[in-house]
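Reading the structure
If you want the building blocks of each chain, they are given just below.
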Amino acid sequence: DSDEIIDEIAWTVDRAEEHWGGERACRNLRKLYPSYLERIGVHGLQADAFQRAPSLDHVREMLARPIGTDPDYRNPWPAGTTLRGPVASTADAIA
C-alpha cells in the first residue's frame, strides 16, 4: 500500500545519506523516485518535484507531511491532496 512505499522511500533516503552523504545521495536517488512514485500513482508535476528537490530534507518534507500543507514550501500539489491515489493534471490545474 502507499504508506509502505512511502516508508520504503524514506528508509532508502536515510541509507543513501549514510552511504554517500547528503549531496551525492540527493543526486543519485533521483534515478529511483520514478519507479517508487509510479507505484502509488504519482506522475507529472508531482513526480517532478521529487526529481528537482534541492536536498534530502526537501524530499523528507514531501514524504512526511500531507501533500500541500507546508506553507513555506513551493509545492505544485493543492492543499489537502495526499499520495493515496492517482493525481491528474491539466495544463492549468492539478486535480
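Residues numbered from 1 in each chain as written. Predicted model: local features only at pLDDT ≥ 70, side-chain atom pairs only at ≥ 80, totals over all residues. Heavy atoms only, no water.

1. A short note on the overall build of the chain
Test applied: Note on conventions: DSSP H or I runs of at least 4 residues are helices, E runs of at least 2 residues are strands, and numbering of each starts at the N terminus. Partly exposed describes any residue whose relative accessible area lies between the buried limit of under 20% and the exposed limit of over 50%, with all areas from a 1.4 Å probe on protein chains only and scaled to the type maximum. Contacts were defined at the residue level, with two residues in contact if any of their heavy atoms lie within 4.5 Å. The protein chains shown are the only cover counted for residues, whose accessible areas, like all others here, come from Shrake-Rupley with a 1.4 Å probe.
Counting its regular elements, the chain contains 5 helices and 0 strands. Its helices and strands taken in sequence order, the chain reads α-α-α-α-α from the N to the C terminus. Residue burial in the chain is summarised as follows: out of 95 residues, 36% are buried. Sequence-distant contacts in the chain: of pairs separated by 6 or more residues, those separated by 24 or more amount to 50%. Surface exposure of the chain reaches about 5900 Å², of which carbon and sulfur atoms provide 51%.

2. With respect to the side chain of Thr12
Applied cut-off: Here a polar contact means two N or O atoms within 3.5 Å. Within protein one must be a hydrogen donor candidate and the other an acceptor candidate, and residues neighboring in sequence count only if both atoms are side-chain atoms.
Here Thr12 shows up in helix H1 (residues 2–20). Taking the relative accessible area as the measure of exposure, Thr12 reaches 15% and is therefore buried. A polar atom in the side chain of Thr12 sits 3.3 Å from the side chain of Tyr36. With residues up to four places along the chain from it excluded, the contact list for Thr12 reads Leu29, Leu32 and Tyr36.

3. Some thoughts on the packing of H1 against helix H2 (residues 22–29)
To keep it simple, the criterion reads: Note on geometry: axes are lines fitted to C-alpha atoms, helical ones only across the stretch in contact, with angles between N-to-C directions running from 0 to 180 degrees. Roughly parallel means an angle under 35 degrees; roughly antiparallel means over 145; roughly perpendicular covers 65 to 115; every other angle is labelled oblique. By convention, the crossing between two helices is left-handed when the near helix turns anticlockwise from the far helix through less than a right angle, and right-handed when the turn is clockwise. For this classification, Asp, Glu, Lys and Arg are treated as charged, while Ala, Val, Leu, Ile, Met, Phe, Trp, Tyr, Cys and Pro are nonpolar and the rest, including Gly, are polar.
Direction vectors running N to C along H1 and H2 enclose 130°, while the axes themselves pass 7 Å from each other. With respect to H2, the element H1 is oriented oblique. When you trace H1 past H2, the crossing you get is right-handed. Residues Thr12, Val13, Ala16, Glu17 and Trp20 of H1 form the contact with H2, whose participating residues are Gly22, Arg24, Ala25, Asn28 and Leu29. When the residues that make up the contact of H1 with H2 are grouped by side-chain class, the tally is 5 nonpolar, 3 polar and 2 charged.

4. Considering the confidence of the model for the chain
Counted only if it meets this: Looking at any residue, its pLDDT shows the predictor's confidence there, from 0 to 100.
Mean pLDDT over the chain stands at 79; residues scoring 70 or higher make up 71%. Element-level mean pLDDT values for the chain span from 86 in helix H4 (residues 44–51) up to 95 in H2. A low-confidence stretch, residues 67–73 (pLDDT under 50), is modelled with 20 contacts involving residues beyond four sequence positions or located in other chains.

5. Thoughts on the nonpolar core
Spelled out, the test is: The criterion is simple. A nonpolar core is a set of buried Ala, Val, Leu, Ile, Met, Phe, Trp, Tyr and Cys residues joined through side-chain atoms within 4.5 Å.
Judged by nonpolar contacts, the single largest core of 21 residues is most densely connected at Ile9, Val13, Tyr33, Leu37, Phe50, Leu56 and Val59. For this core, the secondary-structure elements that each account for two or more residues are H1, H2, helix H3 (33–39), H4 and helix H5 (56–64). Examining the composition of this core, we find that 5 residues originate from one element, H1, more than from any other.

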